[in-house]
Every structure is written in C-alpha cells, then in structure tokens.
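Each chain is listed here by its residues.
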Amino acid sequence: MNRPQERGITTRDVVLVALFAAIIVALGLVPPITIGIVPVPITLQTLGVMLAGAVLGPVRGALACGLVVLLTAIGLPVLAGGRGGLGVFAGPTGGYLVGWIPGALVTGLMVKYWAARLTRGWAKAGAILAACVAGGIVVVYALGIPWLSVSSGLPLREAALGGMVFVPGDLIKAVAATLVAHGVARSYSMELK
Amino acid sequence: MLAILFAATALLQDVHTAVAMLLRLAALIMLALAVTLTTRPADLLEFFERLTAPLARVGVANPERISLGVSLVLRFVPEVFRRFQEIREAQAARGLKANPVALLVPLIVRTLKAADDVADAIDARCYPPPRRPSGGARTEENPT
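Residues numbered from 1 in each chain as written. Chains lettered and ligands numbered in written order. Predicted model: local features only at pLDDT ≥ 70, side-chain atom pairs only at ≥ 80, totals over all residues.

Undergrad: Please clarify how the overall build of chain A should be interpreted in this entry.
TA: When you go through chain A residue by residue, the secondary structure sums to eight helices and zero strands. Each helix and strand of chain A, ordered N terminal to C terminal, gives the series α-α-α-α-α-α-α-α. Classification of the 193 residues of chain A by burial places 58% in the buried group. Sequence separation of 24 or more characterises 73% of the internal contacts of chain A that already satisfy a separation of 6 or more. (Helix = DSSP H or I, 4+ residues; strand = E, 2+ residues; numbered from the N terminus. Buried ≥ 20, exposed ≤ 12 C-beta atoms within 10 Å, placed from the backbone. Contact = placed C-beta atoms within 7 Å.)

The following block contains the structure:
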C-alpha cells in the first residue's frame, strides 16, 4: 500500500492532535461547573491540557495545545468564554495560555516514562496525578506568574500570591484528569508519543 | 479579570500604580485587538505559515500538516460538542447527575476511535499530496 509513511508524525497523529485540540476548545464551551467547596467557577479547559499530555503523550499533547494557542493567535474565539485574538497574549493571562504547551509536554513525559511503566493500579494513578500537577499546575504557573507580573507591573511575589487563588480548582482538575486518563487507558489503550 | 487585577494592585500598592497598570494593559490589549479585528484569520494563518517556513525546510514543521490540523479542529469542535451533549443526555436519561469524569471518559474514547476513521479517510484521499523534489510552483514556472 502506497501510504505516505513518515517516521515522525503520521496522518493519524495529526488527526489525533487536531481532535484533541477540538476537545480542549469544546471544553471551553461547556458551562462552567461550580463545585461546592471552591467558590470560583471551574472551566474545564485546563483539564483538557492535562489530559492532552496524559492521554496522547508528550509530543502530541504539546502539539494539541500548540494548535489551540495558534487558533487563539489567529483570532478565533477558542478560549473559555469566547475569548481569543492577540489581545489574550498581551493581557495578564497570556502566560498561562503559552504555558499549556510545555505543561502538556511535561505531563506527557512523566506519564510516558514513569506512570505507564508502573504496574500496580494505585501507584500508577498516583504517578499520573503527580504528572498532572507537575505539568498542568507547576509548569503552567511557572510561565503564567512571571508573565502576569511583567504585563501588569505587579511585583513577582504578589503576582504569585494572586495566582494561588486558582490552585485549589486546579488541584481538583488534576484529580479529575487522573481519573479520566486512567479510565481512558483502561478502555482504549494507545501508544503514547 | 482586569477589574480584579486593578482592585488587587490598588489594595496592595497604591491607586497611582493601579491606574498606570490598568492603562498600560488596556493599551497593550487594544493594540493586539486592533490587529485581530483588522486582519482576517486566513491572512494571519498565512503569516504564521511563513514564520514556520524555515522550520519546514529543515523538516521539523510541515505547513500542510499545520493547515490540515487547523481545518480539522474547526470541523470537529461542533462534532465534539454534539457528542458531549449526546453523552450528557444519555446519562441524564438514566438519572445521573453531571459528572465531569463520567462525561469525559466516553467522550475521549469515542473521539480517539473516530480519529482512526478520519485518518484512514484522509490517507485514502492521499492528503497531503506527496511533495515533488523541487517544489510544485517552480517546475510550472520554467518547464524545461
């Protein structure tokens, strides 16, 4: 069969990346869910970022997030609440958005080279959770907070303090992402890439 | 978001810095908004394709793949959302409350399975077209 087979990224990978980017965009359309304990409404979009890394793997996960970032940059309203356009990058939350790409990469790397090799169920779930926290929270905030500080002129310490408001919600999302990734892996096993 | 930031700065520092920050941010966002409002998404996409052209020559990025990806996302957002609502309805009919985990697992599994079909359909149509050794446009310009 004369399939344009390339060593790196196949058509299937492109489709997976695009469909996952579509999931991330669609998660922004879902009405925000409010969970009793935390007063801040939770949009599911960052959940999608953690899932991209955990389900697709580092390269494809980062590409899926990169695709969403590209769509934002060309001005389509793909972010939660119909936001989009270059203004997002100039604004205070731009760093969080750009941080999605390395965030998904780190989550993917940790799941691929650490969590996927563990055999016991609970150890694996714990490793996926750690990967989601490291990639989806630590890495994203590592870009988001300095960006917020630069773009708003807030001192770094205060920007970091302000950013902490979102940590409880993001922790819940990391737990949810772990459960989802675990469930998906059980019913549809796929090679991480 | 801006209002929260303004309030926080005014409380933590003083009103002067807060006003200055607000105006600076507003100017930045307006400038970016001006670009977005006056430029068509297709033109911006072309600009980004040109930006990645050097990478494409090395073989890292592939503009055809990128545009395929972009159009697939646009095509599949409503599809994914429709699927999402289908699953939600099916679960509501069984008396289940909205639970993000129970919603997302079938959504993602279905989407991953659909990806195989879509990839096969794209391959069956031979997209992206195989690249000619010296690039399509140049051979048409000087046929020798």
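Past the structure itself, the notes keep going.
Undergrad: Hey, could you run me through the overall build of chain B in this one?
TA: When you go through chain B residue by residue, the secondary structure sums to six helices and zero strands. Going residue by residue from the N terminus, the α and β elements of chain B occur as α-α-α-α-α-α. When contacts within chain B are restricted to residue pairs at least 6 apart in sequence, those whose partners lie at least 24 apart make up 24%.

Undergrad: How do you make sense of the nonpolar core when you look at a structure like this?
TA: It is characteristic of soluble globular proteins that their nonpolar side chains tend to be buried jointly. If you look at the biggest cluster of nonpolar residues, it comprises 95 residues, and the most contacted ones within it are Ala-18, Ala-21, Ala-22, Ala-64 and Leu-67 of chain A together with Val-73 of chain B. Top contributing element to this core by residue count: helix H1 (residues 11–29) of chain A, with 14 residues. Both domains that furnish three or more residues to this core are identified here as domain 1 (1–34) and domain 2 (39–129) of chain B. (Core = buried A, V, L, I, M, F, W, Y, C linked by C-beta atoms within 7 Å. Domains from an automatic or database assignment.)

Undergrad: Help me out: how do you make sense of the interface of chain B and chain A in this one?
TA: By a frequent convention, interface size equals the accessible area lost on bringing the separate parts together. Taken together, the contact pairs 49 residues of chain B with 48 residues of chain A. Within the residue set of the side of chain B that touches chain A, elements represented by two or more residues are helix H1 (2–12), helix H2 (15–38), helix H3 (41–58), helix H4 (63–93) and helix H5 (100–124) of chain B. Ranked by residues supplied to the side of chain B that touches chain A, first place goes to H5 of chain B with 16 residues. A class-by-class count of the residues in the side of chain B that touches chain A yields 39 nonpolar, five polar and five charged. (Nonpolar A, V, L, I, M, F, W, Y, C, P; charged D, E, K, R; others polar.)

Undergrad: How do you make sense of H1 of chain A when you look at a structure like this?
TA: Two residues of an α-helix separated by three or four positions point the same way, owing to the 3.6 residues in each turn. With 19 residues, H1 of chain A should reach 27 Å at 1.5 Å per residue; the first-to-last C-alpha distance of 27 Å fits that figure. Counting buried residues along H1 of chain A, 17 of its 19 residues qualify, which places the element largely inside the surrounding structure. (Expected span 1.5 Å × (residues − 1).)

Undergrad: Would you explain the environment of Leu-37 of chain B in this entry?
TA: Residue and element names in this part refer to chain B. With respect to the element layout, Leu-37 can be found in helix H2. C-beta crowding within 10 Å serves as the criterion here: with 12 such atoms nearby, Leu-37 is assigned to the exposed category. Counting along the chain gives 30 residues from Leu-37 to Ala-7, while the straight-line C-alpha distance between them is 29 Å.

Undergrad: Could you clarify how one ought to interpret the environment of Ala-32 of chain B in this entry?
TA: The topology assignment puts Ala-32 of chain B in helix H2. Assessed through the 20 C-beta atoms surrounding it within 10 Å, Ala-32 of chain B is described here as buried.

Undergrad: What's the story with the confidence of the model for chain A in this structure? I'm lost.
TA: Predicted coordinates in areas of low pLDDT are best not read in detail. Residues and elements named next belong to chain A. Put simply, chain A has an average pLDDT of 82, and 89% of its residues get 70 or more. Per-element confidence in chain A is highest for helix H5 (residues 94–113), whose mean pLDDT is 91, and lowest for helix H4 (residues 87–90), whose mean pLDDT is 80. Scored below 50 in pLDDT, residues 1–6 makes three contacts in the model with residues more than four places away or belonging to other chains. (pLDDT = per-residue confidence, 0-100.)

Undergrad: Explain the packing of helix H6 (residues 121–152) of chain A against helix H8 (residues 167–187) of chain A here, please?
TA: What describes two packed helices is the angle between their axes and the distance between those same axes. Residue and element names in this part refer to chain A. Two elements in contact, H6 and H8, have axes separated by 9 Å at closest approach and are oriented at 135°. By the angle between their axes, H6 is oblique relative to H8. The interaxial crossing formed by H6 with H8 has right-handed handedness. Contact residues: Ala-125, Ile-128, Leu-129, Cys-132, Val-133, Gly-136 and Ile-137 in H6; Val-167, Asp-170, Ala-174, Val-175, Ala-177, Thr-178, Ala-181 and His-182 in H8. For the contact of H6 with H8, the residue count by class is 11 nonpolar, three polar and one charged. (Axes fitted to C-alpha atoms, helices over the stretch in contact; angles between N-to-C directions. Parallel < 35°, antiparallel > 145°, perpendicular 65-115°, else oblique. Left-handed = near helix turned anticlockwise from the far one by under 90°.)

Undergrad: Before we go on, may I ask you to explain the packing of helix H2 (residues 45–56) of chain A against helix H3 (residues 58–73) of chain A in this structure?
TA: Residues and elements named next belong to chain A. The geometry of H2 relative to H3 is characterised by a closest axis approach of 7 Å and an angle of 150° between their N-to-C directions. Considering the angle they form, H2 stands roughly antiparallel to H3. Pair H2 / H3 crosses with right-handed handedness. On the side of H2, the interface is formed by Val-49, Ala-52, Gly-53 and Leu-56, while H3 contributes Pro-58, Arg-60, Gly-61, Ala-64 and Cys-65. Residue composition of the contact of H2 with H3, by class: six nonpolar, two polar and one charged.

Undergrad: I'm lost on the environment of Val-30 of chain A in this one. Help?
TA: Looking at the element boundaries, Val-30 of chain A is found in the loop between H1 and H2. Put simply, Val-30 of chain A and Gln-45 of chain A are 15 residues apart on the chain and 9.1 Å apart in space, counted from C-alpha to C-alpha.

Undergrad: Help me understand H2 of chain B in this model?
TA: Along its 24 residues, H2 of chain B runs 34 Å from first to last C-alpha, staying within 8% of the 34 Å computed at 1.5 Å per residue. Looking at H2 of chain B, one finds that the buried residues are Ala-18, Met-21, Leu-25, Ile-29, Ala-32 and Thr-36 of chain B.

Undergrad: Would you mind showing me how to read the confidence of the model for chain B here?
TA: Residue and element names in this part refer to chain B. Per-residue pLDDT for chain B has a mean of 76; in total, 77% of the residues score no lower than 70. Within the model, the stretch residues 134–144 combines pLDDT values under 50 with two contacts to residues more than four positions away or in other chains. Confidence metrics for the complex model read pTM 0.80 and ipTM 0.80.

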